[in-house]
Amino acid sequence: MADKDGIKVAKDYHVNEPFANMGDFHVKGANALDWGMKKHLSRIFDPQTGKTVMFAFDHGYFMGSTSGLERLDLVIPKLAPYVDVLMATRGALRTCVPASFRNGIALRVTSGSSMLNDDLSHEVVAVDIEDAIRMNADCMAVQTFIGADGQLSSIDNLSRVINAGLKYSIPTLGVVAVGKEMERTDRFFKLATRILAEMGCQIVKTYYCDNFEEVVAACPVPLVIAGGKKLPEKEALTLAYNVIRGGAAGVDMGRNIFQSPHPVEMAQAVRKIVHEGLTDKEAYEFYSEATK
Ligand code: 5RP
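What this report covers is the structure whose coordinates are included nearby. (Residues numbered from 1 in each chain as written. Predicted model: local features only at pLDDT ≥ 70, side-chain atom pairs only at ≥ 80, totals over all residues. Heavy atoms only, no water.)

Here's the deal with the overall build of the chain
Looking only at helices and strands, one finds 12 helices and 10 strands in the chain. A separation of at least 24 residues holds for 65% of the contacts in the chain among residues at least 6 apart in sequence. If you sum the accessible surface of the chain, you get close to 14400 Å²; carbon and sulfur atoms cover 51% of it. Positive and negative side-chain charges of the chain, numbering 32 and 36 respectively, have mean locations separated by a distance of 3 Å. (Helix = DSSP H or I, 4+ residues; strand = E, 2+ residues; numbered from the N terminus. Contact = heavy atoms within 4.5 Å. Areas by Shrake-Rupley, 256 points an atom, 1.4 Å probe, with all protein chains shown as cover. Lys, Arg positive; Asp, Glu negative; His and termini not counted. Charge placed at Lys NZ, Arg CZ, Asp CG, Glu CD.)

Here it is as structure tokens:
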């Protein structure tokens, strides 16, 4: 067993010092990657701003039909022009998203649980690398359960996907899952995001928390932040503003966009924060005006 005694708690994150190894590429931690990886990452992170608005609608992979996503074929075409990346299952993409759409694709490749299970932490890799290549996925999303019952199998899943992705130059997006028994503390997110980056993920998806700047500073790859449960629009825009101000490379929002009464205007408002530097107040003014 590894010796945990005597390990000191990290404390100096140099939050005001930019990442030192950017080189001439716009994505954190990607300077040494090959051309194919960089090409995919450039479809996710806008080379002009270095940031991304990812739209997650992969909820059906364990929730089935979700409020706001009852008809993917009707909802997604309306939102696609306002987001950089569509994050979804292969079933949703193949059936409901025209291949003519030019968005980046984050392909959910793990599954194994449903709303009917108490413990959601046991998944398998459900999509072969060959299918990710056929779908021209720009990254493969793997749910990862640090500190949960399924930690070992999810790290095994993650390793397999990263290894296959490195072989064919497809980035892996490690998704930090928060189990019922886990607290949403900076301590937990520093641990989980760093483990995923050190495993070899090129992007990590996580949640906002106190001391978020330290979580960002300690993670050598870009963080994209989930929206989580539906909030009033004003609060969701403040969340987006805080994560960008805290150093995230973007958002990967689902419910706070597709469960809004005005999803298109909400996506546009989020975009203005992420790519145009608007404050949450300015973005909410835009949203209010656009939905009058
Ligand atoms: C689940 C996911 C989902 O895609 C994501 O959490 C959904 O986004 P939101 O929380 O904003 O609805 O990765 O782990």
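A closer look at the side chain of Asp-138
Looking at the element boundaries, Asp-138 is found in the loop between helix H5 (129-134) and strand E6 (139-144). A polar atom in the side chain of Asp-138 sits 2.7 Å from the side chain of Arg-43. If near-sequence neighbours (up to four positions away) are discounted, Asp-138 is found in contact with His-40, Arg-43, Ile-44, Gly-104, Ile-105, Ile-170 and Pro-171. (Polar contact = N/O pair within 3.5 Å; in protein donor to acceptor, adjacent residues only side chain to side chain.)

Quick word on the pattern of salt bridges
Considering all chains together, one arrives at 16 salt bridges under this definition. Residues Arg-43 and Asp-138 are paired through a salt bridge, measuring 2.7 Å at the closest nitrogen-oxygen approach. Here Arg-43 is found in helix H1 (residues 35-44), whereas its partner Asp-138 is found in the loop between H5 and E6, with 95 residues between them in sequence. Overall, the relative accessible area of 33% leaves Arg-43 in the partly exposed class. What makes Asp-138 buried here is its relative accessible area of 0%. With a shortest N-O distance of 3.3 Å, Lys-281 and Glu-285 are connected by a salt bridge. Remark: Glu-285 and Lys-281 occur in helix H12 (residues 280-290); sequence separation between them is 4 residues, near one turn of the helix. The class of Glu-285 is partly exposed, set by a relative accessible area of 45%. Beyond isolated ion pairs, a larger network of salt bridges with shared partners links Arg-90, Arg-94, Asp-131 and Arg-134. (Salt bridge = Lys/Arg side-chain N within 4 Å of Asp/Glu carboxyl O. Buried < 20%, exposed > 50% of the residue type's maximum accessible area, 1.4 Å probe, protein only.)

Let's talk about the pairing of E6
Within E6, 6 of the 6 residues are buried, leaving the element largely enclosed by the surrounding structure. Residues Cys-139, Ala-141 and Gln-143 of E6 are buried on one face, and the alternating residues Met-140, Val-142 and Thr-144, pointing to the opposite face, are buried as well. Sheet analysis places strand E3 (residues 104-108) next to E6, joined by 3 bridges and oriented parallel. The partner of Leu-107 across the bridge, within E6, is Met-140. In the sheet, E6 pairs with strand E7 (residues 172-176) via 5 bridges, with the strands oriented parallel. Residue Val-142 lies in a different strand from E7, and its bridge partner there is Gly-174. Where the polypeptide runs from E6 across helix H6 (residues 151-168) and back to E7, its parallel neighbour, the crossover connection is right-handed. (Pairing = 2+ DSSP bridges. Right-handed = clockwise from strand over helix to strand, strands pointing away.)

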